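# Close look at the chain arrangement
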Amino acid sequence: MQKYDFRRTSAVLLCGTMLLLTGCKQKTVTLESTDYTDQVEPFSVDESWLDVTGSQRLFGDGKTIADELRRRVREELGITISVGVSDNKAWAKLGSDYKKPDATTVISPENWREIVWPLPVGDLLFVGRAARQALNSIGVSTIGDLAKCKVETLETMLGKLGYQLHQYANGLDRSPVR
């Protein structure tokens, strides 16, 4: 089985593995996910982030845990979920939306540019209609376009959100699961 090493080669510290589960009710997600970690953060009615960094010795890598959660929810509850696995919450969210229904998508340091950068900028966490339109007006249509923008330009246009979106597009979201 392939292991995913989420250490960065740059000066960023080692980050853990984040999962985002989508597609089932919050109580179900919490019930199933707390078998694997106590670090669960609800995101919406049917989504939760999990930090499974400390669980990997017991249950396997992030993909293994994600696939097991998907299997259990399907068999025990008769519903499907999609799971994004990555070293940050923004990419875990992108991964959970990447393939539906009933899929696990791993976005790793080895594949993120191929998966994340071609996606429409509107797929990125917190890019709403107004931000998407503003970004499109300066020729930013993909997440890769956004990642290559000067931070100053984005901050002038979108304020603090511009900085945050640039961080997300470049995989630099380090917000913990709370």
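Per chain, residue numbering runs from 1 following the sequence as it is written. Per-residue local features are limited, in this predicted model, to residues with pLDDT of at least 70; the limit for side-chain atom pairs, both in listing and counting, is 80 or more; totals at the level of whole chains, interfaces and linings are taken over all residues. Excluding hydrogens and water, the side-chain values take into account all heavy atoms of the structure.

To continue, consider the overall build of the protein chain. Per the convention used, a helix needs a DSSP run of H or I reaching at least four residues, while a strand needs a run of E reaching at least two, with both numbered from the N terminus. A tally of regular secondary structure across the protein chain gives nine helices and five strands. Helices and strands in the protein chain line up, N terminus first, as β-α-β-β-α-α-β-α-β-α-α-α-α-α. Burial statistics for the protein chain: of 178 residues in total, 50% are counted as buried. When contacts within the protein chain are restricted to residue pairs at least 6 apart in sequence, long-range pairs at least 24 apart make up 57% of them. Accessible area for the protein chain stands at about 9,000 Å²; split by element, carbon and sulfur atoms hold 54% of it. When accessible area is computed with a 1.4 Å probe and restricted to protein chains, residues below 20% of their type maximum are described as buried, those above 50% as exposed, and intermediate ones as partly exposed. Contacts: residue pairs with any heavy atoms within 4.5 Å of one another. For the area figures, the Shrake-Rupley method with a 1.4 Å probe applies, and any residue is considered shielded solely by the protein chains shown.

Burial runs high along helix α4 (residues 89–98): eight of the ten residues are buried. Residues of α4 that are buried include every one of Lys89, Ala90, Trp91, Ala92, Lys93, Leu94, Gly95 and Ser96, and no others. Between a side-chain oxygen at the N-terminus of α4 and the backbone nitrogen of Ala90 the separation is 3.2 Å; the capping residue is Asn88. As used in this structure description, the phrase polar contact means that two N or O atoms lie within 3.5 Å; if the pair is within protein, one of them must be able to donate a hydrogen and the other to accept it, and residues adjacent in sequence are counted only when both atoms belong to side chains.

It is the contact of helix α8 (residues 151–158) with helix α9 (residues 160–169), at a shortest axis distance of 6 Å, that shows an interaxial angle of 140°. When the axes of α8 and α9 are compared, the pair comes out oblique. Where α8 crosses over α9, the two elements pack in a sense that is right-handed. Facing α8, whose interface residues are Val151, Leu154, Glu155 and Leu158, α9 presents Lys160, Leu161, Gly162, Tyr163, Leu165 and His166. Axis angles are defined between N-to-C directions and span 0 to 180 degrees, where every axis is a line fitted to C-alpha atoms and, for a helix, only to the segment in contact. Just so you know how the angles are binned, under 35 degrees is roughly parallel, over 145 roughly antiparallel, 65 to 115 roughly perpendicular, and the rest oblique. Crossings are sorted by hand: turned counterclockwise from the far helix by less than a right angle, the near helix makes the crossing left-handed, and turned clockwise it makes it right-handed.

None of the figures reported here should be taken as evidence of function without further support.
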